[in-house]
Amino acid sequence: MELKDFTEKEQKEIREGLSTAEISDKEAADKILALVPEGWIKKIPFFVRKHATTKTIERIANQYPDLYAVAKKSGELPEKEREELRRIITDIFQEKMNKHNIR
């Protein structure tokens, strides 16, 4: 996927610099991003990857604060929460990838 594959509005936003979220807990973010199916993050164009990943973590933190709190704890994620977070982040990435025709 290249810049020309985006709409003109999206191209303008990309050129101006997309917003990113401030992630307060990098360890929690890394645990959650590790649940994304292998290779999906690499499919996201490098110039929007940080925006996509940080905004997704921010969205999970806001919409699922209880699960985010579990991810913030040290150690491995418990099985139940890991599978729930895996489903949530996979659904979010799938939705966004479909929206932007990323295969």
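What you are looking at is a predicted structure, and each value in this text was computed from that prediction instead of being measured.

What counts, and where the lines are drawn
Position numbers for residues count from 1 along each chain, tracking the sequence in the order it is written. Side-chain atom pairs in this predicted model are given and counted only at pLDDT of 80 or more, local residue features only at pLDDT of at least 70, and totals for whole chains, interfaces and linings cover all residues. Here the side-chain values reflect all heavy atoms present in the structure, with hydrogen atoms and water set aside. Angles here are taken between N-to-C directions and fall from 0 to 180 degrees, while the axes themselves are lines fitted to C-alpha atoms, restricted in helices to the stretch in contact. Here a helix means four or more residues in a row that DSSP labels H or I, a strand means two or more in a row labelled E, and each is numbered from the N terminus. Angle categories: roughly parallel below 35 degrees, roughly antiparallel above 145, roughly perpendicular from 65 to 115, and oblique for all the rest. Throughout, a contact is declared for two residues whenever any of their heavy atoms are within 4.5 Å. Three classes are used, and their members are as follows: Ala, Val, Leu, Ile, Met, Phe, Trp, Tyr, Cys and Pro are nonpolar, Asp, Glu, Lys and Arg are charged, and the others, Gly among them, are polar. Only centres within 6.5 Å qualify two rings of Phe, Tyr or Trp (six-membered ring in Trp) as a pair; their planes then separate them into stacked at under 30 degrees, edge-to-face at over 60, and tilted for everything else. We call a residue buried when its accessible area falls under 20% of the maximum for its residue type, exposed when it is over 50%, and partly exposed in between, using a 1.4 Å probe and counting protein chains only. When a carboxyl oxygen of Asp or Glu lies within 4 Å of a side-chain nitrogen of Lys or Arg, that pair is called a salt bridge.

## Here's the deal with the packing of helix 2 (residues 26–33) against helix 5 (residues 65–72)
Phase 1 of the analysis: Their axes nearest at 8 Å, the elements helix 2 and helix 5 cross at an angle of 105 degrees. In terms of axis orientation, helix 2 runs roughly perpendicular to helix 5. On helix 5, the residues touching Ala-28, Lys-31 and Ile-32 of helix 2 are Tyr-68, Ala-71 and Lys-72.
Phase 2 of the analysis: In terms of residue class, the contact of helix 2 with helix 5 is built from four nonpolar, no polar and two charged.

## Side note on the packing of aromatic side chains
Phase 1 of the analysis: As enumerated under the stated definition, the model contains one aromatic pair in all.
Phase 2 of the analysis: Relative to Phe-47, the ring of Phe-46 has its centre 5.3 Å away and its plane inclined at 85 degrees; by these criteria the two rings are edge-to-face.
Phase 3 of the analysis: Phe-46 gets classed as exposed once you look at its relative accessible area, which sits at 68%.

## Observations regarding the pattern of salt bridges
Think of it this way: side chains of opposite charge can pair up when their charged atoms draw near.
Phase 1 of the analysis: Using the criterion set out here, one finds six salt bridges in the structure.
Phase 2 of the analysis: We note a salt bridge from Glu-27 to Lys-31, for which the minimum N-O separation is 3.9 Å. Placement of the pair is Glu-27 and Lys-31 together in helix 2, with a separation of four residues, close to one helical turn.
Phase 3 of the analysis: A relative accessible area of 44% places Glu-27 in the partly exposed class.
Phase 4 of the analysis: Here Arg-59 makes a salt bridge to Glu-95, at a shortest N to O gap of 3.8 Å. Note that Arg-59 is positioned in helix 4 (residues 46–63) and Glu-95 in helix 6 (residues 79–99), a separation of 36 residues in sequence.
Phase 5 of the analysis: In this structure Arg-59 comes out as partly exposed when scored by relative accessible area, which is 26%.
Phase 6 of the analysis: Looking at Glu-95, the relative accessible area reads 42%, which means it is partly exposed.

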